[in-house]
Amino acid sequence: MSARPSVGWIGTGRMGYEMAARLARGGADVLAWNRTRAKAEPLAQYGATVADRLSELAGCDIVFCMVAAWKDVKQVMGELLAEKSRPRMVIECSSISLEGSAELRAMLAQRGIDYLAAPVSGNAKVIKAGKLSFVCSGPRKSFNEALPLLNMIAPAASYVGEGELARIVKICHNVFLGVVIQSLAEITVQKAGVPRHAFLEFLNQSVMGSMFTRYKTPAFVNLDFKVTFTPELLRKDMDLGLDAGRRLEVPMPLASATRDLIQSMIGRGMKEEDFATLLVQQAQASGIELQPENVEVKDGLS
Ligand SMILES: NC(=O)c1ccc[n+]([C@@H]2O[C@H](COP(=O)([O-])OP(=O)(O)OC[C@H]3O[C@@H](n4cnc5c(N)ncnc54)[C@H](OP(=O)(O)O)[C@@H]3O)[C@@H](O)[C@H]2O)c1
């Protein structure tokens, strides 16, 4: 790979925008495209170029992709691969199934394009704080080549093996995310009378506290549910986990119950805000009407 490969970036939603911004700010030569162009335009302030058409990215050395579900990845990749010129490598970061990822690997292999599956852990604020992590699979050589770019976006990038192994790791991670936030909602909404900020202050400093419980604390205390990750995207990941569990004949009782609770929330129309609104659903089911506590609490990121 040349010292400064040209990098195409597909998808500048909540995650993709912040990831591409870190690359551009780190000095990479970034050409970004988003279906809704306006969301990509502010990347120009960091030196990135915004493409009018996805096809323009086909001439880049390396193309990253961060869209939503497999059907969306397939659509954008289909368009990219219809072009005569081809990137040397595709790095796909969306949370998608193993099957989708394997289909993409085959599409790319037919055209001699290297492929790294590289989903991530962390939300947009985590990216900004420089605490995102990648989990990667594919040829070790591709991982080694991609690492300098991955490290401009995230300090941590784990290589877990060949093929689509990174996909199952990411799916497991998000099943855990769903189960943990539901459990956190169940224990934070309490009728015993402990203020949420006091409860979470203790929990966050205990052996059970984590980067996740800390950065969800402001939402749980002050009921700020500005979207970081939508309930529908979380349901997608729970479904990917449960599908894999069925195929591999693994029982996942906690994941099954949590999936239905997320579905109940979506069915009640609670889908435009953050997935942390599981707290509100838990309060409703407990006969409590939550009020913001209006207490300044730290998220552990800034
Ligand atoms: N948010 C998180 O905390 C988080 C954390 C880790 C992983 N993820 C995963 O990261 C991916 C992106 O999540 P996000 O939160 O950034 O979602 P998002 O804000 O909804 O962004 C989705 C992006 O995909 C684009 N897109 C969707 N369908 C498309 C299609 N058919 N053709 C072209 N572009 C399409 C959207 O374009 P438009 O702007 O035109 O709609 C947008 O750029 C998902 O796979 C998600 O599961 C999210």
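Residue positions are counted from 1 within each chain, in the order its sequence is given. Residues qualify for local features only when their pLDDT is at least 70, as the model is predicted, and side-chain atom pairs are given and counted only at 80 or more; totals for whole chains, interfaces and linings, by contrast, use all residues. Side-chain metrics in this entry use all non-hydrogen atoms of the structure; hydrogen atoms and water are not considered.

1. Some thoughts on the pattern of salt bridges
So, point 1. Each salt bridge in this description consists of a side-chain nitrogen of Lys or Arg and a carboxyl oxygen of Asp or Glu lying within 4 Å of one another. Counted under the stated rule, the structure contains 17 salt bridges.
So, point 2. Between Glu145 and Arg88 there is a salt bridge; the shortest N-O distance is 3.2 Å. Placement of Glu145 in helix H5 (residues 140–153) and of Arg88 in the loop between helix H2 (70–81) and strand E5 (89–92) is noted, with a sequence separation of 57 residues between them.
So, point 3. Among the charged side chains, a salt-bridge network with shared partners connects Arg37, Glu41 and Asp52. Helix and strand assignments follow DSSP, with helices taken as H or I runs no shorter than four residues and strands as E runs no shorter than two, numbered in order from the N terminus.

2. Looking at the site of the ligand
So, point 1. If a single non-hydrogen atom of a residue is within 4 Å of a molecule or strand, that residue counts as near it. The ligand sits among 25 residues. The nearest are Asn34, Thr36, Lys39, Ala68 and Thr228.
So, point 2. Gln75 places a polar side-chain atom, nitrogen or oxygen, 3.4 Å from a nitrogen atom of the ligand.
So, point 3. Any N or O atom pair separated by 3.5 Å or less is treated as a polar contact, with the protein-specific requirement of one donor-capable and one acceptor-capable atom, and with residues adjacent in sequence counted only for side-chain atom pairs. Between Lys236 and the ligand, the recorded distance is 2.9 Å, taken from a side-chain N or O atom to an oxygen atom.
So, point 4. Where accessible areas are quoted, they stem from the Shrake-Rupley method and a 1.4 Å probe; at the residue level, only the protein chains shown are allowed to cover. Within the complex, the protein chains bury 90% of what would otherwise be the 910 Å² of accessible surface of the ligand.
So, point 5. Per-element tally for the shell around the ligand: the top contributor is H2, with three residues.
So, point 6. For this scheme, ten residues count as nonpolar: Ala, Val, Leu, Ile, Met, Phe, Trp, Tyr, Cys and Pro. Four count as charged, namely Asp, Glu, Lys and Arg, and the remainder, Gly too, count as polar. Broken down by class, the residue content of the shell around the ligand amounts to eight nonpolar, 11 polar and six charged.

3. Details of the layout of surface pockets
So, point 1. A 1.4 Å probe that fits into a set of points on a 1 Å grid over the protein atoms alone but cannot get out defines a cavity; an open set with protein on both sides within 12 Å along at least five of seven lines defines a pocket, and lining residues are those with an atom within 4 Å of a point. Grid points are joined across faces, edges and corners, and a volume is the space filled by probe spheres set on the points. Its volume calculated, the second largest pocket comes out at about 520 Å³.
So, point 2. Considering the residues around the second largest pocket, the lining is formed by 19 residues, among which Asn123, Lys125, Lys226, Val227 and Thr228 are closest to the centre.
So, point 3. Those elements that place two or more of their residues in the lining of the second largest pocket are helix H1 (14–25), helix H4 (124–128) and helix H8 (211–222).
So, point 4. Per-element tally for the lining of the second largest pocket: the top contributor is H8, with four residues.
So, point 5. Across the lining of the second largest pocket, the residue classes tally to seven nonpolar, three polar and nine charged.

4. Thoughts on the nonpolar core
Among soluble globular proteins, nonpolar side chains are generally buried collectively.
So, point 1. Buried Ala, Val, Leu, Ile, Met, Phe, Trp, Tyr and Cys residues that are joined via side-chain atoms within 4.5 Å together make up what is termed a nonpolar core. Only protein chains enter the area calculation, which uses a 1.4 Å probe; residues under 20% of their type maximum are buried, those over 50% are exposed, and those in between are partly exposed. In this structure, Ile181, Leu200, Phe220, Leu234, Met238, Phe275 and Leu279 are the most contacted members of the largest nonpolar core, which totals 36 residues.
So, point 2. Counting only elements with at least two residues in this core, the list comes to helix H6 (165–188), helix H7 (196–205), H8, helix H9 (231–247), helix H10 (253–267) and helix H11 (278–285).
So, point 3. For this core, the leading source of residues is H6, giving seven residues.
So, point 4. By size, the runner-up hydrophobic cluster in this structure holds 33 residues, among which are Ala21, Ala32, Phe134 and Cys136.

5. Focus: H8
So, point 1. Phe212, Thr213, Tyr215, Lys216, Thr217, Ala219, Phe220 and Val221 are the residues of H8 that are buried.
So, point 2. Note on contacts: a residue pair qualifies if any of its non-hydrogen atoms lie within 4.5 Å across the two residues. Elements that come into contact with the buried residues of H8 comprise H4, H6, H7 and H11.
So, point 3. Looking one or two places after H8, you find Leu223, whose phi comes out positive at around 55 degrees.

6. Side note on the packing of aromatic side chains
So, point 1. Planes of paired rings set the category: under 30 degrees apart is stacked, over 60 is edge-to-face and the rest tilted, where pairs are Phe, Tyr or Trp rings (Trp by its six-membered ring) whose centres lie within 6.5 Å. Counted under the stated rule, the structure contains four aromatic pairs.
So, point 2. On the basis of an interplanar angle of 15 degrees and a centroid distance of 4.7 Å, the ring pair of Trp9 and Phe64 is categorised as stacked. Placement of Trp9 in strand E1 (residues 6–10) and of Phe64 in strand E4 (residues 62–65) is noted, with a sequence separation of 55 residues between them.
So, point 3. Owing to a relative accessible area of 0%, Trp9 belongs among the buried residues under this scheme.
So, point 4. Measuring from ring centre to ring centre gives 5.2 Å for Phe143 and Tyr159, while their planes differ by 35 degrees; the resulting arrangement is tilted. With Phe143 in helix H5 and Tyr159 in strand E9 (residues 156–161), the pair connects residues that are 16 residues apart, well separated along the chain.
So, point 5. Relative accessible area serves as the criterion here: at 5%, Phe143 is assigned to the buried category.

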